[in-house]
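# Reading the structure
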Amino acid sequence: MSCCAIVGINWGDEGKGRMVDLLTEEYDIVVRYQGGGNAGHTIVNEYGKFALHLLPSGIFRKGVVSVIGNGVALDPENLWKEIEEVRSRGIEITPENLKISDRASVLLPWHRDLDSLEEARLADKKYGSTKQGIAPFYSDKYQKKTIMVGELFYPEYVREHLAGITEWKNLILDKVYGAKQYTEKELLDWVDEYADKLKPFVCSTKEFLEGAVKEGKNILFEAQLGALRDLDYGIYPYTTSSNAIAAFAPVGSGLSSAKLDQVIGVVKAYSTCVGEGPFVCEWFGEEADKLREAGHEFGAKTGRARRVGPLDIVATRYGVDVQGATDLALTKMDILSYMEKIPVCTKYIIDGEETDLFPFPALLGKAQPKIEYLDGWNCDISGVRKWEDLPENARKYVEYIEQAVGCHITYVSVGAERDAYIYRS
Ligand code: GDP
């Protein structure tokens, strides 16, 4: 029996889905423990190319059970759409291979409305939300103003609970934003529609996972977004609204007693960032366009162009620390093949002082990157599967990062396909 978490070390989009899809072979259960449908994990496998938003990336493996834990923002509309889309491409999704925690809180229709309304109110000070309702949802969860999906099994209870919440939420929609209010009937019809669809999948993931531990099963916890977007440890307020770090996996899954044997941190060979907030290494203009095009850096959910720049050692070392990473997977090495010299940000300069510590968020806006260059390898490495077959300069790049961030790079990914990677023991 082993417990492993696969987490993002940077700003998200590091290729976590691709690594989970690869590593599920060794696991019986894959659990999503936080976040909602606001980001996308892209997976390329024998069924084709998929952008998963809420479904755990284990869904493609026969014999693997995928679990949506209590820490996830359960968006019934998007989840159902995703289940149908994935099913339509030949993948079986049944209550046997997908389990939803009865304690997952439900993202209600007004959460999406409120996300858009608030971003519009903020205008040029907006956070760059994907407008999937995630921030309003988590605010309500912690205010205890939403329902848990398990309540759907108790129609009278949920009816009464929702009536109280609707009254309160209508006050906010009306008085704060002057927006459309909801009738109780609208809400109940919506709940009824999705209750019928989702109920078969809902169970106590606590009992399920505790049972699995007793049977010696291997469990993989899958994060959405990276360490720098973690609500407590990230670049607040430009974070997500939940805890993406590995330490939250036990809490958000249902297996609160879990001890993680391994934490695999996923790092991209260069930096990307979606949305607003300080991004010290950001490139602009032609060199940014070139890297963005080479890496196809456009958001899986929104199609938005991602901000790009060189690998940021300062931020990556911090990400490794807060995740407690035991191993790293370095992805998208193949994308850097066109560069003659590979830039790396080794330090930040803040008020004229050099530092290799990731600063408190309020100082990030002042930080300037100190860039150093390593030699490139200038040849296609996407077909390489063995460490010794990588060009020397590519190996040096990997070893340099490993030494600079203080964590072993166990996997080097050179393509999006499942088998396009190099394992280093
Ligand atoms: P996630 O949210 O962390 O799973 O990352 P995304 O799915 O948003 O973004 C990663 C993108 O890079 C996806 O389109 C993957 O298919 C792709 N990808 C992952 N690893 C590699 C790699 O090593 N090389 C290339 N060329 N693409 C990769």
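Residues numbered from 1 in each chain as written. Predicted model: local features only at pLDDT ≥ 70, side-chain atom pairs only at ≥ 80, totals over all residues. Heavy atoms only, no water.

Locating Lys125 in the fold gives a position in the loop between helix H3 (109-122) and helix H4 (134-143). Assessed through its relative accessible area of 61%, Lys125 is described here as exposed. Between the alpha carbons of Lys125 and Arg424 there is a distance of 44 Å; along the sequence they are 299 residues apart. (Helix = DSSP H or I, 4+ residues; strand = E, 2+ residues; numbered from the N terminus. Buried < 20%, exposed > 50% of the residue type's maximum accessible area, 1.4 Å probe, protein only.)

Let us look at the site of the ligand. Taken together, 18 residues sit near the ligand, with Lys16, Gly17, Thr42, Asp334 and Ser413 positioned nearest. In this structure, Lys16 approaches the ligand through a main-chain N or O atom, which is 2.8 Å from an oxygen atom. Here an oxygen atom of the ligand and a side-chain polar atom of Arg306 are 3.1 Å apart. When the ligand is considered free in solution it has 580 Å² of accessible area, and contact with the protein chains removes 91% of it. One can see that the ligand is located within the second largest pocket. The set of elements that each furnish at least two residues to the shell around the ligand consists of helix H1 (16-23) and strand S3 (41-45). By residue number, the principal contributor to the shell around the ligand is H1, which donates 3 residues. Here the shell around the ligand is composed, by residue class, of 3 nonpolar, 8 polar and 7 charged. Each of domain 1 (3-103 + 200-264) and domain 3 (267-423) accounts for three or more of the residues forming the shell around the ligand. (Near = heavy atom within 4 Å. Polar contact = N/O pair within 3.5 Å; in protein donor to acceptor, adjacent residues only side chain to side chain. Areas by Shrake-Rupley, 256 points an atom, 1.4 Å probe, with all protein chains shown as cover. 1 Å grid on protein atoms, 1.4 Å probe; cavity = no way out; pocket = protein on both sides within 12 Å on 5 of 7 lines; lining within 4 Å. Sits in = over half its atoms within 2 Å of the grid points. Nonpolar A, V, L, I, M, F, W, Y, C, P; charged D, E, K, R; others polar. Domains from an automatic or database assignment.)

With that settled, the discussion passes to the domain arrangement of the chain. The figure often quoted for interface size is the accessible area lost as the parts come together. For the chain, the assigned domains are domain 1 (3-103 + 200-264), domain 2 (109-198) and domain 3 (267-423). Computed from C-alpha coordinates alone, the two centres of domain 1 and domain 3 are separated by 24 Å. In this complex, domain 1 contributes 40 residues to the contact, which on the side of domain 3 involves 39 residues. Here domain 1 and domain 3 share an interface that buries about 3200 Å² over both sides, 58% of which is from carbon and sulfur atoms. Broken down residue by residue, the surface that domain 1 buries against domain 3 is led by Ile9, Trp11 and Arg18, which jointly contribute 21%. At the junction of domain 1 with domain 3, the criterion picks out 3 salt bridges. With a closest N to O distance of 3.1 Å, Arg418 and Glu46 form a salt bridge. Residue assignment for the side of domain 1 that touches domain 3 shows that the elements contributing at least two residues are strand S1 (3-8), H1, S3 and strand S9 (262-268). Element by element, the count of residues in the side of domain 1 that touches domain 3 is highest for H1, at 5 residues. (Contact = heavy atoms within 4.5 Å. Buried area = accessible area lost by both parts, 1.4 Å probe. Salt bridge = Lys/Arg side-chain N within 4 Å of Asp/Glu carboxyl O.)

An ideal rise of 1.5 Å per residue puts 30 Å on 21 residues; helix H5 (residues 155-175) measures up with 30 Å between its terminal C-alpha atoms. Along H5, the residues classified as buried are Val158, Leu162, Ile165, Thr166, Lys169, Asn170 and Leu173. Burial along H5 is one-sided: seen end-on, the buried residues are contained in an arc of 150 degrees. In H5, the exposed positions that point more than 90 degrees away from the buried face belong to Glu156, Tyr157, Glu160, Glu167 and Lys175. Packed against the buried residues of H5 are H3, H4 and helix H6 (184-198). (Expected span 1.5 Å × (residues − 1). Arc of directions from axis to C-beta.)

By volume, the second largest pocket amounts to about 640 Å³. Of all elements in the fold, only H1, S3 and strand S4 (48-52) reach the threshold of two or more residues within the lining of the second largest pocket. The biggest single contributor to the lining of the second largest pocket is S3, with 4 residues. Classifying every residue of the lining of the second largest pocket gives 11 nonpolar, 10 polar and 9 charged. Looking at which domains feed residues into the lining of the second largest pocket, each of domain 1 (3-103 + 200-264) and domain 3 (267-423) gives three or more. (Points joined across faces, edges and corners; volume = space filled by probe spheres on them.)

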